[in-house]
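Structural overview
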Amino acid sequence: MWARPGAARCRPSSRTPGRTSARRMRAGSRWFRRSIPPWRRWPPRKPKAHPIGESGMAEERLPSRSDNFAEWYNQLVLRSELADYAPVRGCMVIRPYGWALWENLQAALDSRFKATGVTNAAFPLLIPMSFLEREKQHVEGFAPELAVVTIGGGEKLEEPLVVRPTSETIIGHMWSKWIKSYRDLPLLLNQWNSVVRWEMRTKLFLRTMEFYWQEGHTAHAGPDEAEGRTRQMLDIYADFAENEAAVPVVRGQKSESEKFAGALRSYSIEAMMGDTRALQAGTSHNLGDNFARAFDIRYLDKENQLQYAWTTSWGLSTRFIGAIIMVHGDDQGLILPPRLAPHQVVVVPIHKSDDERALVMGALDRLADELRRFRVHVDTRDGLTPGFKFNDWEMRGVPVRLEIGPKDVAREQVMLARRDTPGKQGKLAVPFAALADGIQAMLDDIHTALFQRATDFRQAHTHTPSDYAEFRQVVEDGWADVWWCGRSACETEIKEDTRASTRCIPLDQPGGTGRCIHCGEPAEKRALFARAY
RNA sequence: CGGGGUGUAGCGCAGUUGGCAGCGCACCGCGUUUGGGACGCGGGGGUCGGCGGUUCAAGUCCGCCCACCCCGACCA
């Protein structure tokens, strides 16, 4: 593993089969070094305090969450085997455990999309450079972070191809061919894919150069329908976040400076991480007729008049996994929300002799029907003590642990332990006969408790400062909910001064008006300011 | 690009005045263990970042190069 710096991983070993390609990569890195400042490199940081400590003991404990949040996060992602660093700067490998989690997110979102009439499709990875240039704001927004293919098959390409940073343009191009009549609308598509954005500063799950997501794209006959769909998808994201991931979110509108490049309006769901920083966890954009004009997406309406279509796009990425980690995790490791966890229940059988083993495994066989409705993993690894397994699965965030040993079998019961409640308080003896109901109740309880805990935390760290001096204080360790004039200049000054930016203008407004927290000008809306990921 | 720092086993490190390249963890094998992070014995694993120099002898001294990390103008 080469999570930490070390020349070994950058230098092709003489035994490495892919020596030649490694050489080529190295030459490639020389090419982009001119434009990529060297102060931002991969992996993102060297761990300040190694989890082992000076004793040289086994890697047992994580860095404490309160002590060093960033390092706690990095170590946890690696050690829980959600992901690992890839050999290319800024890229990550999502490992089976992480991908299983993503698949559960996908399933929960996909069914919600389909329930509203959306169907899935796939558009290509490579997009002609000229497409990006069709929409002025769009190209200005994305130009700095494009990966561009200039050579194919050994020949210099006549027109460079960009690796999609998002697919509005190529979808717009196709739609101009497909959409002719009001009968073709609305057109509701989604695709699950990955996109590439050449990021300077990267962090596992939260910001990598390639990331997985879904991008939904819809076209409508009028602006109201487009706005309605934009808001509908935002609501779906909020519902998903709260009812599947137990992550409380604020729905709101992005400021001018924070909105999507090329959008009329952007909305987001914003979540508070365990260090009080904000994370944009999903976005929904009303693109107006901007892309329809750029790509000539027009249809004939009922009156035989040619009209531009109105489009939307909306996305949620593997970044959300980062949110789950940072919202729920604790010093012991991950705490995965029960409805998304790859394993909802992990079984740790306890036995000394072969006879005991047969006894315990036989009892588990008889419980198979009870357990079938949950995602259950039985940890049969030899040579590890139960204590080790308890800690291991706690680190990996499994919501419920089922312990079963000879004493339990004799009493026709198992011990259930809930991940969100440490120690004896979290343990409960449950009779065989009531196992399924007991587990279901515990999973539901955990979901509710996680959501409540996160909501309380957010509440405790969301402040309503009465003047700018106090504002500067509170954004050091929380969110500020304040009147804001809405001017970009004012927003920029605040950001430069405090590093806090507008996260959103919440849709739920108290009403009334006030004075801008910074400039004192009249303000009609309250905004959330926070330091963000 | 500027300032500061680091390169020795998969990871974390030690290596004295230059003298057989080591330790802990991880990994493999055997045995004893197993209800909250077990232990013993045995084993595999190195271009000491690279190239050149000084020397009988370089991980160690000298020169050049390379890579990476931290701090200062992007973002799902």
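Details of the structure are given in the entry above.
Residues numbered from 1 in each chain as written. Chains lettered and ligands numbered in written order. Predicted model: local features only at pLDDT ≥ 70, side-chain atom pairs only at ≥ 80, totals over all residues. Heavy atoms only, no water.

1. Re the pairing of strand S25 (residues 525–530)
- Within S25, five of the six residues are buried, which leaves the element mostly enclosed by the surrounding structure.
- With five bridges connecting them, strand S21 (residues 479–484) and S25 associate as antiparallel partners. Bridge pairing links Asp481 to Leu528 in S25.
- The sheet contact formed by strand S22 (residues 501–506) and S25 spans three bridges and is antiparallel. The residue bridging Ser501 from the neighbouring strand is Ala530, located in S25. (Buried < 20%, exposed > 50% of the residue type's maximum accessible area, 1.4 Å probe, protein only. Helix = DSSP H or I, 4+ residues; strand = E, 2+ residues; numbered from the N terminus. Pairing = 2+ DSSP bridges.)

2. Considering the sheet that holds strand S16 (residues 376–378)
- What the five strands build is an open sheet, ordered S16-S15-S17-S18-S19; its pairing is mixed. Either end of the sheet is taken by a strand with one partner, and the two such strands are S16 and strand S19 (427–431). Each adjacent strand pair in this sheet contributes to an overall mean axis angle of 25°, direction not counted.
- Sheet analysis places strand S15 (residues 345–349) next to S16, joined by three bridges and oriented parallel. By the bridge assignment, Val347 is partnered in S16 with Val378.
- Along the sheet, helix H12 (residues 386–395) contacts S15, S16 and strand S17 (400–404); its crossing angle with S15, the most-contacted strand, is approximately 170°. (Axes fitted to C-alpha atoms, helices over the stretch in contact; angles between N-to-C directions. Contact = heavy atoms within 4.5 Å.)

3. Topic: the packing of aromatic side chains
- This structure, assessed with the given rule, holds 14 aromatic pairs.
- Pairing Trp99 with Tyr212 gives two aromatic rings, centres 5.2 Å apart and planes at 80°, and the pair type is edge-to-face. Linking Trp99 in helix H3 (residues 96–115) with Tyr212 in strand S8 (residues 210–220), this pair joins segments that are 113 residues apart in sequence.
- Summarising the aromatic geometry, the rings of Phe471 and Phe529 are spaced 5.4 Å apart at their centres and angled 80° between planes, so their arrangement reads as edge-to-face. With Phe471 in helix H15 (residues 468–474) and Phe529 in strand S25, this residue pair connects regions lying 58 residues apart in the sequence. This pair shows no difference in class: Phe471 is buried, exactly as Phe529 is.
- The structure contains a cluster of three or more aromatic residues connected by ring pairs, namely Trp102, Phe113, Trp192, Tyr237 and Trp314.
- One residue, Arg396, lies across the ring of Tyr97, its end atom 4.2 Å from the ring centre. (Phe/Tyr/Trp six-rings, centres within 6.5 Å; stacked < 30°, edge-to-face > 60°. Lys NZ or Arg CZ within 6 Å of the ring centre and 35° of its normal.)

4. Some thoughts on H12
- By the burial criterion, the buried members of H12 are Lys389, Phe390, Asp392, Trp393 and Met395.
- Those residues of H12 hidden inside the fold are in contact with helix H2 (69–79), S15, S16 and S17.
- Positive backbone phi, at 80°, marks Gly397, one or two positions downstream of H12.

Any functional reading would require information beyond the geometric quantities listed.
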